[in-house]
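Observations on the model geometry
The residues making up each chain are set out below.
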Amino acid sequence: MNQVDYLRISLIDRCNFRCQYCMPEGAELDYILRQELLTNEELLTLLQEVFIPVGFRKFRLTGGEPLLRPGVVDLVSAIASLPQTQDLAMTTNAFLLAGMAQNLYDAGLRRINISLDSLNSETFDKIIGNRGRSRWQKTWQGIQTAHRVGFDPLKLNVVVIPGVNDQEVLDLAALTLDRNWHVRFIEFMPIGNDKLFGERAWVPSEELRQRIREVLGLTESNVRGNGPADVFQIPGALGTLGFISQMSECFCDRCNRMRLSADGWLRPCLLNESNQIDLKTALRSGVDPVDLRAQVRHLLMIKPEINFKQRDSGTPGAYTRTMSQIGG
């Protein structure tokens, strides 16, 4: 396996969207109480005294929606200022990004992934569960602002849902033709909305590639990112297309990441809920960081076994946490 040096950090489980594949409308969600969230100080302590000493150097801030976290710009600045930080990124829905992009960039954030599942405002609103005023335009404004500010690469994440937005794949792929944007098509997973998953399942990445190949052309790209995406390019395009195929094409051998939830649970594998560590409770109970490092090192040692041996079965039945609660 790759060296595991990449930590996805959820800052908050709340979100201003209710996307079908993440936290669908009507679902009863038990939000984490504010006092149960890791504080900025606790998070920085874990980074400096536990994660960095065992080899983590790349960090991504997620949610929920991370821009809802109070003091998020100051937290970005603190993490970016750590001398061991090699890479700091964020995943956001961009609804609040237009007014924050410059401050985030000035604080040291350089890479950003934005969820954009449709270019059609009605489809977009259907996916995000919005029943009032359309939010597409403000999201698009956030994307444009991030581009102007200088975020590079700017990646757009598209969760492909059959019968909902899969007919837009060519239009979304075409965004890369004259912009140095990187579109990532993600196979829909059962985490967060197992009913929708059961009804429609997912579109295999190879099927998406073939659709694009037949109309726009497609070649393998020399660009390689930090993550599990298989990267391709439309001939002559400025940007790239990535395909994250966690359902149809196992990439466990390339996984280099773990996930830290907003309430301090360290999860070694997205599709498996075993062997998690409650770091927040341990930290607040006064457990020595030396002992916490030992626990994390053990988890790093057994991560390949968790991925490979239990990848197919994953978690029996429904997952106990949605994607917003895990940290997407």
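Overview of the structure. None of the values given here were measured: they were computed from a predicted structure.

Let us look at the nonpolar core. L7, L47, F56, F185 and L266 are the most contacted members of the largest nonpolar core, which totals 94 residues. Beyond its immediate stretch of four places on either side in the chain, F56 contacts V4, D5, Y6, L7, F51, M258, V296 and L300.

As a further point, take the packing of aromatic side chains. Each aromatic ring pair is summarised here by two numbers: the centre-to-centre distance and the angle between the ring planes. Inspection of every chain in the model, using the stated rule, returns 8 aromatic pairs. Taking the centre distance of 5.4 Å and the plane angle of 10° together, the rings of W136 and W140 count as stacked. Taken together, the residues span about one helical turn, with W136 and W140 both in helix α5 (residues 136-149) at a distance of 4 residues. Comparing W136 with W140, the two get one shared label, buried. Aromatic pair W140 and W181: ring centres 5.9 Å apart, planes at 70°, arrangement edge-to-face. Of the two residues, W140 sits in helix α5 while W181 sits in strand β6 (residues 181-187), which places them 41 residues apart along the sequence. Judged by its relative accessible area of 0%, W181 is buried. In this structure an aromatic cluster arises from ring pairing among F17, F95 and F124.

Mapped onto the elements, N275 comes out in the loop between β11 (265-267) and β12 (277-278). In sequence terms N275 and I302 are 27 residues apart; their C-alpha atoms lie 9.1 Å from each other. Residues contacting N275, with those up to four places away along its chain left out, are L266, P268, L299, I302 and I306. In terms of polar contacts, N275 uses its side chain to reach the side chain of S274, at 3.1 Å.

Below, the discussion takes up helix α8 (residues 205-215). Taken as a whole, α8 has its buried residues at S205, L208, R209 and I212. Summarising the axial view, the buried residues of α8 lie within an arc of 100°, below the 170-degree limit, and thus occupy one face. Positive phi shows up at G217, right after α8, with a value of about 85°.

Extensive coverage of strand β4 (residues 111-115) is indicated by the burial of 4 of its 5 residues. Judged from the 4 bridges that link them, strand β3 (residues 87-92) and β4 form a sheet pairing that is parallel. Within β4, the residue paired with T91 across the bridge is N113. Crossover handedness for the path β3 to helix α3 (residues 101-107) to β4: right-handed. Where β4 lies against strand β5 (residues 154-160), 4 bridges are found, and the strand directions are parallel. By the bridge assignment, S115 is partnered in β5 with N157.

So, about the packing of helix α1 (residues 40-51) against helix α2 (residues 72-80). It is at 11 Å that the axes of α1 and α2 come closest, and there the two elements cross at 15°. With respect to α2, the axis of α1 lies roughly parallel. Here α1 runs over α2; the crossing is right-handed. Touching N40, L43, L44 and L47 of α1 are L75, A78 and I79, all from α2. Across the contact of α1 with α2, the residue classes tally to 6 nonpolar, 1 polar and no charged.

The full count for this structure, using the stated rule, is 0 disulfides. Sulfur of C255: no disulfide; nearest cysteine sulfur belongs to C269 and is 6.8 Å away.

What follows is about helix α4 (residues 121-128). Looking only at α4, the buried set comprises T123, F124, D125, I127 and I128. Against α5 lie the buried residues of α4. Measuring from the side-chain oxygen of the N-cap residue of α4 to the backbone nitrogen of E122 gives 2.9 Å; that N-cap residue is N120. Downstream of α4 by one or two residues, G129 has phi in the positive range, about 75°.

Glancing now at the pairing of strand β8 (residues 230-233). With 2 bridges joining them, strand β7 (residues 219-220) and β8 adopt antiparallel strand pairing. Each bridged residue has a counterpart across the sheet, and for T219 the counterpart in β8 is Q233. Where β8 meets strand β9 (residues 240-244), 3 bridges bridge the pair, whose relative direction is antiparallel. Pairing of D230 across the sheet is with F243, part of β9. Taking the residues that link successive antiparallel strands as the turn, the β8-β9 hairpin has 6 residues, and the phi of G236 there is positive, at about 85°.

Conventions and cut-offs
- Along each chain, residues carry numbers from 1 onward, in the same order as the chain's sequence is written.
- Only residues with pLDDT of 70 or above have their local features reported here, since the model is predicted, and side-chain atom pairs are shown and tallied only from 80 upward, although totals for entire chains, interfaces and linings are computed over all residues.
- Side-chain figures throughout are based on the complete set of non-hydrogen atoms in the structure, without hydrogens or water.
- Residues belong to a common nonpolar core when they are buried Ala, Val, Leu, Ile, Met, Phe, Trp, Tyr or Cys residues joined through side-chain atoms within 4.5 Å.
- Throughout this description, buried means an accessible area under 20% of the type-specific maximum (1.4 Å probe, protein chains only), exposed means over 50%, and partly exposed covers the range between.
- By definition, residues are in contact when any of their heavy atoms lie within 4.5 Å.
- Whether two aromatic rings pair depends on their centres lying within 6.5 Å, for rings of Phe, Tyr and Trp, where Trp uses its six-membered ring; planes under 30 degrees apart make the pair stacked, over 60 edge-to-face, and the rest tilted.
- Secondary structure elements are taken from DSSP: a helix is a run of H or I of four residues or more, a strand is a run of E of two residues or more, and numbering for both begins at the N terminus.
- Polar contact is defined as a pair of N or O atoms within 3.5 Å, subject to the rule that within protein one atom must be able to donate a hydrogen and the other to accept it, and that residues adjacent in sequence are counted only when both atoms are side-chain atoms.
- Working definition: the arc comes from the directions between the helix axis and the C-beta atoms, pointing outward to the latter.
- We treat two strands as partners when DSSP finds at least two bridges between them.
- A crossover counts as right-handed when, viewed with the strands pointing away from the observer, the path leading from the first strand over the helix to the second turns clockwise.
- Geometry is summarised by axes, namely lines fitted to C-alpha atoms with helices restricted to the contacting stretch, and by angles between N-to-C directions that run from 0 to 180 degrees.
- By definition in this entry, angles of less than 35 degrees are roughly parallel, angles greater than 145 are roughly antiparallel, angles of 65 to 115 are roughly perpendicular, and the rest are oblique.
- We call a crossing left-handed when the near helix sits turned anticlockwise from the far one by less than a right angle, and right-handed when that turn is clockwise.
- Only Asp, Glu, Lys and Arg are considered charged, only Ala, Val, Leu, Ile, Met, Phe, Trp, Tyr, Cys and Pro nonpolar, and every remaining residue, Gly among them, polar.
- By definition, disulfides here are pairs of cysteine sulfur atoms that lie within 2.5 Å.

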